[in-house]
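Breakdown of the fold
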Amino acid sequence: MDRIVEALLGFARPDQILVNEPMSCHTTFRVGGPADVLFLPESGGDVARALAAAKALGVEAYVIGNGSNLIVRDGGVRGLVIGLGEGMSAVSREGNVVAAQAGATLARVSAFAQGEGLSGLEFASGIPGTLGGGCAMNAGAYGGQLSDCLIDATVLVNGEEQTWTAQDMAMGYRTSRPLREGGVVLSARFRLTPDDPQAILARMKELNARRRDKQPLNYPSAGSTFKRPEGHFAGALIEGAGLKGRRVGGAQVSEKHAGFIVNTGGATAADILALIRVVQDAVRAKDGVELETEVRIIGEDA
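Let me sum up the structure you'll find in this document.

In terms of helices and strands, the protein carries nine helices and 19 strands. What you see for the protein is a C-alpha radius of gyration of 19 Å, in line with the 19 Å of a compact globule of 302 residues. Overall, the protein is about 55 × 50 × 30 Å in size when its C-alpha atoms are taken along their principal axes. Each of the 302 residues in the protein was classed as buried or not, and the buried ones make up 49%. For the protein, the exposed surface amounts to about 13,400 Å²; the carbon and sulfur share of it is 47%. Averaging the locations of the 30 positively and 34 negatively charged side chains of the protein gives two centres separated by 5 Å.

Below you can see the structure in the form of structure tokens.
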């Protein structure tokens with residue numbers, strides 16, 4: 001990995017480059033072995049140059065946000081991980097439009113909009129992801145999703161920054177064109193509606209109270225583990241299969257919401273992945289429904 005570090009040092013500071021970095025510190029599940037190199041970019045140009053360097057050297061590269069929808073296996077990640085975070089988290093307003101970089105958390109973007117008296121992102125205030133990943137997955141909750149108010153996004157495609165309209169983004173349920181085609185969302189703009197900041201805040205508080213009441217927020221997790229199967233709810237199917245509270249090692253099907261697998265303490269990625277398979281097998285056997293994971297899984301086994 002010396003060669004990729006040397007290449008990164010050609011345009012980045014040493015403190016942006018972390019070698020043998022434990023990915024358990026960069027995922028909300030708090031599991032995962034070390035990445036050979038974790039790079040923390042501060043611009044779209046940094047991302048493009050890092051991806052180009054990895055490609056030239058034949059090094060596998062992965063782009064992540066804050067790891068809220070990610071499982072990294074216990075053996076870690078061979079190659080380069082590019083983490084879009086604080087260095088790319090600017091949020092701004094122009095008229096009724098809010099613009100944000102990919103590393104800004106959805107909570108931060110929605111709080112900014114509320115403070116500016118702009119409504120439309122209240123649903124996102126409790127989603128624990130970043131804007132880039134949120135756009136790629138068309139993050140949503142409580143009847144809202146990012147595609148509802150997206151104007152356009154800056155997407156890195158084959159080293160070139162392109163502006164894709166909401167139509168170009170082709171966003172669906174937990175999917176988008178960048179996700180399907182390997183583009184990296186660098187920033188996005190949203191058209192919002194003026195409203196009283198206190199009224200917006202009240203709606204955000206109500207939604208977050210509902211979230212706290214229904215979801216196991218006191219344990220590390222990656223949010224909803226499975227996509228909603230057509231005609232069903234994953235949590236209801238899992239509960240119906242008698243799996244609430246089922247454990248593998250430190251991983252558990254939440255007793256509060258069966259759609260969540262949580263780390264009760266000391267779980268490994270292998271525990272979580274084994275429990276996912278237990279759930280999938282049980283629901284398939286009982287209901288004939290294939291549960292597809294919503295979380296992204298990268299890395300290698302220990």
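The next subject is the side chain of N138. With respect to the helices, strands and loops of the structure, N138 is situated in the loop between α4 (131-137) and β9 (140-141). Look at N138 and you get buried, because its relative accessible area is 0%. Those residues within four positions of N138 in sequence are excluded, and the remaining contacts are Q145, L146, S147, M171, G172, R174 and T175.

Next up on the list: the layout of surface pockets. In this approach the atoms are scanned with a rolling probe the size of a water molecule, which exposes any empty space left behind. The volume enclosed by the second largest pocket comes to roughly 180 Å³. In terms of lining residues, the second largest pocket is bounded by 15 residues, among which H26, L40, G65, N66 and G85 are the most central. Here the residues of the lining of the second largest pocket sort into six nonpolar, seven polar and two charged.

Here the focus is the sheet that holds strand β16 (residues 247-248). Pairing is antiparallel across the open sheet formed by four strands, whose spatial order is β15-β18-β17-β16. Every other strand in the sheet has two partners, leaving β15 (221-224) and β16 as the edge strands with one partner each. Relative to strand β18 (residues 260-263), strand β17 (residues 251-253) runs antiparallel, the two being bridged by three bridges. Residue pairing in the sheet places A251 in a bridge with N263 of β18. Against the sheet, helix α9 (residues 269-287) makes contact with β16, β17 and β18, and its axis sits at roughly 30 degrees relative to β17, the strand it touches most.

A separate point is the environment of T28. Note that T28 resides in the loop between β1 (17-22) and β2 (34-39). Sequence-wise, T28 and L179 are 151 residues apart; in three dimensions their C-alpha atoms are separated by 21 Å. The residues touching T28, leaving out its near neighbours within four places in the chain, are N66, G67, S68, P220, S221 and A222.

A separate point is the packing of helix α3 (residues 106-115) against helix α7 (residues 197-214). Between α3 and α7, whose axes approach to 8 Å, the crossing angle comes to 150 degrees. Between α3 and α7, the crossing angle belongs to the class labelled roughly antiparallel. Contacts between α3 and α7 involve S110, A111 and Q114 from the former and P197, I200, L201 and M204 from the latter.

Looking now at helix α2 (residues 44-57). When the terminal C-alpha atoms of α2 are compared, their 20 Å separation across 14 residues agrees well with the 20 Å that a helix rising 1.5 Å per residue should span. Three or more residues of α2 are buried, namely G44, D46, V47, A48, A50, A53 and A54. Immediately downstream of α2, the backbone of G58 shows phi near 70 degrees, a positive value.

Criteria and thresholds
Residues numbered from 1 in each chain as written. Predicted model: local features only at pLDDT ≥ 70, side-chain atom pairs only at ≥ 80, totals over all residues. Heavy atoms only, no water. Helix = DSSP H or I, 4+ residues; strand = E, 2+ residues; numbered from the N terminus. Rg over C-alpha atoms; globule rule 2.2 N^0.38 Å. Buried < 20%, exposed > 50% of the residue type's maximum accessible area, 1.4 Å probe, protein only. Areas by Shrake-Rupley, 256 points an atom, 1.4 Å probe, with all protein chains shown as cover. Lys, Arg positive; Asp, Glu negative; His and termini not counted. Charge placed at Lys NZ, Arg CZ, Asp CG, Glu CD. Contact = heavy atoms within 4.5 Å. 1 Å grid on protein atoms, 1.4 Å probe; cavity = no way out; pocket = protein on both sides within 12 Å on 5 of 7 lines; lining within 4 Å. Points joined across faces, edges and corners; volume = space filled by probe spheres on them. Nonpolar A, V, L, I, M, F, W, Y, C, P; charged D, E, K, R; others polar. Pairing = 2+ DSSP bridges. Axes fitted to C-alpha atoms, helices over the stretch in contact; angles between N-to-C directions. Parallel < 35°, antiparallel > 145°, perpendicular 65-115°, else oblique. Expected span 1.5 Å × (residues − 1).

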